[in-house]
Amino acid sequence: MLAKHSFLSRRKGLIRYLPAMVLAKILRSFFYFYFRKKKIVLIGGHCGEKYADNAAALHQFLLKNGPSYTVYFGLNHRHDPIAETIGGPVFQLGTIWNYLLYDHAVACYYSHSLESDVAPEIDFTRLANPKLTKVYLGHGIDGLKRNLFIFDTRRSTFFICSSEREKQIKNKYWGIPEKKLMVTGMPRYDTLYLKRMHRPSRTILYMPTWREWLNADPSFFSSSFYQHVSGFLNSHELDTVLKRHGYQLNVMLHPFLHSVFSEFAGKNRSLSSITFCRPGQNIQELILASDMLITDYSSVSWDFYYLSKPVLFFQFDQTEYLEKRGAYLDFSKDLFGSVTFHEKETVKHLDQILSLKKPEDYYRHQVSQKDHFDFYDTDNCQRVIKYTLPRS
């Protein structure tokens, strides 16, 4: 499973990658003339398994606007079909070439951690590059869930923030010094802002997020999580509301559920107005194409909020979630959408939202967007580069 693969124990990871690290150091002098005049930038995200969100957005920006830099993107497998869509050079994580690039790079950017996205394990050894600028992009705005992997990002030089409020969260709860926190906006929001005006598609996106205490195996189907989600997706009341308003509900499961995707989808196809998105489908495209979102704690909700699209929070396990995972927002007053706890209640609120003459009216009496987004423009990538990329 991706979660277990991505955050290997330090000892197991080091043993696995140490030979490649050492060989890269030995071969360094042989590549002196090759790297001498190059300014290398490494970018990675989602443990090398996806080309998406902030990492992909910044990578595309640098390919077009950073001609003096040689920009590489990290993947688990160099010949992955994803590589053909990237449009620039890629490298395979954990290889000798990976560590040669790392050793000569001036900066690296990642959505989760340098360890999982750019150069496995090396930053926690004496072989680390002391001159490297390391930038934590994140893959979404923080607030709805506590970060369980702060240790993996501690050595970052800079941390990107969407707003002063998120900066305060990372300073107060993560313990990151203010000098490391850059308020720039999310790189992928450049595209969201540029394409924010869209024609209604009469589609709703449902994205329940992952719980670390679940297992993506046969036992998953007896979990309370599955029972609630399945109960909602097979609700005749839901079917009635969707058909009355002429809407389709698209279901996007978390990547950690891909191992049970076929069985999950097969057991929940009773309603003709519900479609399961294929694993690996472009989330950015789904966000732009959908009219509203139903979720529980997914950071994708911020993207819909940014676009003034309604978000309905179906939090059937809120008490358990806050006890086991926790959040940085007060769910009783800080959420930017209606909160429901039962299937029928969720369908009722959905009916009310779809009855609005204008979707943007949904936020007229909600929390101000200005509290969470400092920028509404297409300059987020530009600000990230301005504040973090070495010029020398």
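Note that the coordinates shown come from a computational prediction; the quantities given were computed from them, not determined experimentally. In this convention, every chain numbers its residues from 1, walking through the sequence in written order. Whole-chain, interface and lining totals are the exception, using all residues; otherwise, since this is a predicted model, local features are given only for residues with pLDDT of at least 70 and side-chain atom pairs are given and counted only at 80 or more. Side-chain metrics in this entry use all non-hydrogen atoms of the structure; hydrogen atoms and water are not considered.

Enquirer: Which parts of the structure should I look at to understand the nonpolar core?
Expert: The tendency in soluble globular proteins is for nonpolar side chains to be buried as a group. Nonpolar cores are built from buried Ala, Val, Leu, Ile, Met, Phe, Trp, Tyr and Cys residues. Side-chain atoms within 4.5 Å join them into one set. Only protein chains enter the calculation, and the probe is 1.4 Å; a residue is then buried if its accessible area is under 20% of its type maximum, exposed if over 50%, and partly exposed in between. In this structure, Tyr109, Leu233, Leu249, Ile294 and Leu350 are the most contacted members of the largest nonpolar core, which totals 96 residues. With sequence-adjacent residues up to four places away left out, Ile294 is seen in contact with Ile204, Leu205, Tyr206, Met207, Phe232, Leu249, Leu312, Phe314 and Leu350. Core analysis: the second largest hydrophobic core is formed by 32 residues, Leu114, Val118, Ile122 and Tyr136 among them. The contact rule is simple, with two residues in contact once any of their heavy atoms fall within 4.5 Å.

Enquirer: Explain the pairing of strand β8 (residues 203–207) here, please?
Expert: Consecutive side chains of a regular strand alternate in pointing toward one face of the sheet and then the other. For β8, a buried count of five out of five residues is recorded, marking the element as mostly surrounded by other parts of the structure. What counts as a helix is a DSSP run of H or I of at least four residues, what counts as a strand is a run of E of at least two, and both are numbered from the N terminus. Both faces of β8 are covered, namely the face carrying Thr203, Leu205 and Met207 and the face carrying Ile204 and Tyr206. Any two strands between which DSSP finds at least two bridges are classified as paired. As paired elements, β8 and strand β9 (residues 248–251) share four bridges and run parallel to each other. Each residue of the ladder has a partner; that of Leu205, found in β9, is Asn250. Sheet topology note: the β8/strand β11 (residues 292–295) ladder contains four bridges and is parallel. Each bridged residue has a counterpart across the sheet, and for Met207 the counterpart in β11 is Thr295.

Enquirer: Honestly, the sheet that holds β8 in this entry has me stumped. Any pointers?
Expert: Read from one edge of the open sheet, six strands run β10-β9-β8-β11-β12-β13, paired in parallel fashion. Only two strands of the sheet have a single neighbouring strand rather than two, namely β10 (274–276) and β13 (339–340).

Enquirer: How do you make sense of the confidence of the model for the protein when you look at a structure like this?
Expert: Low pLDDT means the predicted coordinates in that region are not meant to be read closely. Each residue gets a pLDDT score, which is the predictor's confidence in that residue and runs from 0 to 100. Averaged over every residue, the pLDDT of the protein is 90; residues scoring 70 or more account for 95%. Of all secondary-structure elements in the protein, the lowest mean pLDDT belongs to helix α1 (residues 2–6), at 39, while strand β1 (residues 40–44) reaches the highest, 98. Per-residue pLDDT stays below 50 along residues 1–11; that stretch engages in 21 contacts with residues further than four places along the chain or on separate chains.

Enquirer: Help me understand the pattern of salt bridges, please; the structure alone is not making it clear to me.
Expert: A side chain of one charge can pair with a side chain of the opposite charge if their charged atoms are brought near each other. By definition, a salt bridge exists where a carboxyl oxygen of Asp or Glu is found within 4 Å of a side-chain nitrogen of Lys or Arg. Enumeration according to the criterion identifies 16 salt bridges in this entry. When the shortest N-O distance is used, the salt bridge between Lys170 and Glu166 registers 3.7 Å. Linking Lys170 with Glu166, this pair stays in helix α8 (residues 164–172), spanning four residues, or about one helical turn. Taken individually, Lys170 and Glu166 each receive the classification buried, so the pair is uniform in this respect. Between Arg211 and Asp296 there is a salt bridge, with the nearest N and O atoms lying 2.7 Å from each other. Taken together, the residues Arg211 in the loop between β8 and α10 (224–233) and Asp296 in the loop between β11 and α14 (300–306) connect sequence positions 85 residues apart. Both residues of the pair, Arg211 and Asp296, belong to the buried class.

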